[in-house]
Amino acid sequence: MANLGQKIIANFANDNAKFLFITAAIGWFLASAAQTFGIIVNKDIDKKDKKFLIPQEILDGAVNIGLYALITAPLIKNTEKLIDKGIISFTNVQKNTPKFDNIKGGARVLASFAGAVLSCNIITPIIRNKLGGIATHRKEMYQKINMDEFKYNPYYQPFFKKNIDKQPLNISNYVSFSKNHGMKI
């Protein structure tokens, strides 16, 4: 275990971009887990809200980590390829020298930062808002469908379902309805 730990640390010490990528992903995971755990143990949040908030936080964390990985990892890899092919070049620096390797490593670190900013601060909020809009729209449509089953005017009629409402509204139907539903007049 100690040797494996030393190899991992040595690998990160030689590749700062990979270190930033992995630690940022771990940070997203821990932040999402802490937020979810906080919702679970918060006694001020009722069960109905928890049923919505817990999956929402888990999905939010998965979207954050997934988009971060999908954007940042290829950006780091493509930056390295562009440097190796000479498409991105540095003046007065020859390939395969320590200075070139340092500059290449620095460019990968910048690509890691750029991927993090692009994915976490621009793309993730846009996608999260789109998903939230879809979920809200579906919830509103579901509530509208359920409310369309009922006709209700609190000023002059009881809460009848549509199939009951087909009968004419008169006192005998109201008395019958109230007796069947345990109400007293």
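Everything discussed here concerns the structure shown above.
Overview of the structure. This is a predicted model, so every value here is computed, not measured. Along every chain, residues carry numbers that run from 1 in the direction the sequence is written. Local features in this predicted model are restricted to residues of pLDDT 70 or higher, and side-chain atom pairs are both shown and tallied only at a pLDDT of 80 or more, whereas totals for entire chains, interfaces and linings draw on every residue. Computation of side-chain values: all heavy atoms of the structure, hydrogens and water removed.

### Quick word on the overall build of the protein chain
Just so we agree on the cut-off: Here a strand is any run of E in DSSP of at least two residues, a helix any run of H or I of at least four, and the numbering for each starts at the N terminus. Relative accessibility thresholds used throughout: buried, under 20% of the residue-type maximum; exposed, over 50%; partly exposed, between the two (1.4 Å probe, protein chains only). Any pair of residues with heavy atoms lying within 4.5 Å of one another is described as a contacting pair. The accessible surface values rely on the Shrake-Rupley method and a 1.4 Å probe; as for residues, cover is taken only from the protein chains in view.
The number of helices and strands found in the protein chain is six helices and two strands. The proportion of buried residues among the 185 residues of the protein chain is 22%. Considering only contacts in the protein chain between residues 6 or more positions apart, those separated by 24 or more positions represent 50%. Carbon and sulfur atoms make up 62% of the accessible area of the protein chain, which totals about 13,800 Å².

### Quick notes on the pattern of salt bridges
Filter applied, for reference: Salt-bridge detection follows one rule: a side-chain nitrogen of Lys or Arg within 4 Å of a carboxyl oxygen of Asp or Glu.
Under the definition given, this model contains four salt bridges. Measuring nitrogen to oxygen at the nearest pair gives 3.0 Å for the salt bridge that ties Asp15 to Arg108. Remark: Arg108 occurs in helix H4 (residues 98-148) and Asp15 occurs in the loop between helix H1 (2-14) and helix H2 (16-41); sequence separation between them is 93 residues. Exposure class is identical for Asp15 and Arg108. Each is buried. Here Lys104 and Glu80 are joined by a salt bridge, their closest N and O atoms 3.5 Å apart. With Lys104 in helix H4 and Glu80 in helix H3 (residues 47-85), this residue pair connects regions lying 24 residues apart in the sequence. With a relative accessible area of 25%, Glu80 lands in the partly exposed category.

### Quick word on the nonpolar core
Note the threshold: Here, nonpolar core refers to any group of buried Ala, Val, Leu, Ile, Met, Phe, Trp, Tyr and Cys residues whose side-chain atoms link them within 4.5 Å.
Counting residues in hydrophobic clusters, the biggest one holds eight residues: Ala17, Phe21, Ala25, Tyr68, Ile76, Val109, Ala111 and Cys120. Breaking this core down by element, the ones donating at least two residues are H2, H3 and H4.

### A word on the layout of surface pockets
Worth spelling out the cut-off: Grid points spaced at 1 Å over the protein atoms alone were grouped into cavities, where a 1.4 Å probe fits but cannot get out, and pockets, open sets with protein on both sides within 12 Å along at least five of seven lines, with lining residues defined by an atom within 4 Å of a point. Grid points are joined across faces, edges and corners, and a volume is the space filled by probe spheres set on the points. Each residue is assigned to one class: nonpolar for Ala, Val, Leu, Ile, Met, Phe, Trp, Tyr, Cys and Pro, charged for Asp, Glu, Lys and Arg, and polar for all the others, Gly among them.
Put simply, the largest pocket is a space of about 480 Å³. What lines the largest pocket is a set of 16 residues, among which Phe52, Gln56, Gly132, Ala135 and Thr136 lie closest to the centre. For the lining of the largest pocket, the secondary-structure elements that each account for two or more residues are H3 and H4. In terms of residue class, the lining of the largest pocket is built from seven nonpolar, four polar and five charged. A volume near 180 Å³ is recorded for the second largest pocket. Lining the second largest pocket are 13 residues, with Asn14, Asp15, Asp101, Lys104 and Gly105 positioned closest to its centre. When residues of the lining of the second largest pocket are traced back to their parent elements, those giving at least two are H1, H2 and H4. Among the elements that take part in the lining of the second largest pocket, H4 stands out by supplying seven residues, more than any other. Taken together, the residues that form the lining of the second largest pocket break down as three nonpolar, five polar and five charged.

In short, shape yes, function no, at least from these values alone.
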